[in-house]
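As a plain string of letters, each chain reads:
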Amino acid sequence: MKIFLDSANLKEIEEAVKWGAIDGITTNPSLVAKEHREFLPLIQEICQRVNGPISVETVSRDAAGMVEEGKLVAGIHPNVVVKCPLTKEGLTATRQLTAQGIRVNMTLCFSATQALLAAKAGAYFISPFIGRLDDISQEGMALIRDIKTIYANYRFTTQILVASVRHPIHVLEAARIGADIATMPFGVLEALVKHPLTDIGLERFLRDWESLPAEAKQFKPARQRVG
Ligand code: E4P
């Protein structure tokens, strides 16, 4: 399963890239607004830092506006994927952008039937929002399972991008189901790395190592040492 970072924050993006942990980025208008930066230069800077799909959302309500914005952001960099909402207008825009060779991520997906329509419109990614479903007492992961079954039944190539991820168990479940991608905030990515037994184990190894005499701890072979 690929891992995307759900962030428009350059510091977080640079840090995650250093770990070799991420395959792409997702942004949305709320994440961009948090950065208090001019939008297009920010997207350009993200594209310079990550070698993978960068999802950038349109903000029009009508298909014509989405197509116009989509073409503009897709022109920034070949890795840009245009995000359109799962509305009638969004489906229309998805069909048109896809016909022009522009990849679309259909976002704000909350039902399997929406996901079916997104695939038929030619979406490259479908973004089901599992955390927001959990928030209203609906099982977000059940939606991922349904979409996986439907796409397999009809051999749709639209990739399932699990979004609105809130904790590591969401990531684990997405991988068990076989989702193509999970996108997550920086805090969840960090939580995937951490394990108390790793920290305790490392402390013990290093303490034991310290008990060796200095001459026994040298990393250079004896013949290369001076004196
Ligand atoms: C990503 O594409 C989505 O916009 C994002 O995961 C939504 O997450 P949220 O529900 O935590 O805002």
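Heads up: these notes are all about the structure in this document. (Residues numbered from 1 in each chain as written. Predicted model: local features only at pLDDT ≥ 70, side-chain atom pairs only at ≥ 80, totals over all residues. Heavy atoms only, no water.)

1. So, the packing of helix H1 (residues 10-18) against helix H3 (residues 39-49)
Each pair of packed helices can be described by the angle between their axes along with the distance between the axes. For the record, the criterion: Helix axes are fitted to C-alpha atoms over the stretch in contact, other axes to C-alpha atoms as well, and angles between N-to-C directions run from 0 to 180 degrees. We count a stretch as a helix when DSSP gives it H or I for four or more residues in a row; a strand needs E for two or more, and each element gets its number in order from the N terminus. Note that the term roughly parallel is reserved for angles under 35 degrees, roughly antiparallel for angles over 145, roughly perpendicular for angles of 65 to 115, and oblique for everything else. Between two residues, a contact is recorded if the distance between any of their heavy atoms is within 4.5 Å. Residues are grouped as follows: Ala, Val, Leu, Ile, Met, Phe, Trp, Tyr, Cys and Pro are nonpolar; Asp, Glu, Lys and Arg are charged; every other residue, Gly included, is polar.
One can describe the packing of H1 onto H3 by two numbers: an axis separation of 10 Å at closest approach and a directional angle of 10°. One way to sum up the angle between H1 and H3 is to call them roughly parallel. Taken together, the residues of H3 that come into contact with H1 (itself represented by Leu10, Ile13, Glu14 and Val17) are Leu42, Glu45, Ile46 and Arg49. Residues belonging to the contact of H1 with H3 are distributed by class as follows: 5 nonpolar, no polar and 3 charged.

2. Things to note about the site of the ligand
This is how it is decided: One heavy atom within 4 Å of a molecule or strand makes the whole residue count as near it. A 3.5 Å cut-off defines polar contacts: any pair of N or O atoms within that distance qualifies, except that in protein one atom must be a possible hydrogen donor and the other a possible acceptor, and neighbouring residues in sequence count only when both atoms are side-chain atoms. Only the protein chains shown count as cover for residues, and the accessible areas themselves come from Shrake-Rupley with a 1.4 Å probe.
Inspection of the region around the ligand gives Asp6, Thr26, Asn28, Lys83, Phe129, Arg132, Ala163, Ser164 and Arg166 as its neighbouring residues. At 2.7 Å from an oxygen atom of the ligand is found a side-chain nitrogen or oxygen belonging to lysine 83. Contact between the ligand and arginine 166: an oxygen atom at 3.1 Å from a side-chain N or O atom of the residue. Protein coverage of the free-state accessible area of the ligand, which is 350 Å², stands at 85%. Within the shell around the ligand, the residues separate by chemical class into 2 nonpolar, 3 polar and 4 charged.

3. So, the pairing of strand E4 (residues 80-85)
The condition that has to hold: The rule is simple: take the accessible area with a 1.4 Å probe, protein chains only, and divide by the maximum for that residue type; under 20% is buried, over 50% is exposed, in between is partly exposed. The rule for pairing is simple: two strands pair if DSSP sees at least two bridges between them. Convention used here: a crossover is right-handed provided that the path from the first strand, over the helix, to the second strand proceeds clockwise when the strands point away from the viewer.
Within E4, 6 of the 6 residues are buried, which leaves the element mostly enclosed by the surrounding structure. A two-sided burial pattern is seen for E4, the buried positions comprising Val80, Val82 and Cys84 on one face and Val81, Lys83 and Pro85 on the other. One ladder, built from 4 bridges, connects strand E3 (residues 54-57) with E4; its direction is parallel. By the bridge assignment for E4, valine 56 is matched with valine 82. As a crossover connection, the stretch from E3 through helix H4 (residues 63-74) into E4 is right-handed. Examined bridge by bridge, E4 and strand E5 (residues 104-109) share 4 bridges and lie parallel to one another.

4. Quick word on helix H10 (residues 186-193)
Formally: The arc refers to the directions leading from the helix axis to the C-beta atoms.
By the burial criterion, the buried members of H10 are Phe186, Val188 and Leu189. Summarising the axial view, the buried residues of H10 lie within an arc of 165°, below the 170-degree limit, and thus occupy one face. Close packing links the buried residues of H10 with strand E1 (2-6), H1, helix H9 (168-177) and strand E8 (181-184).

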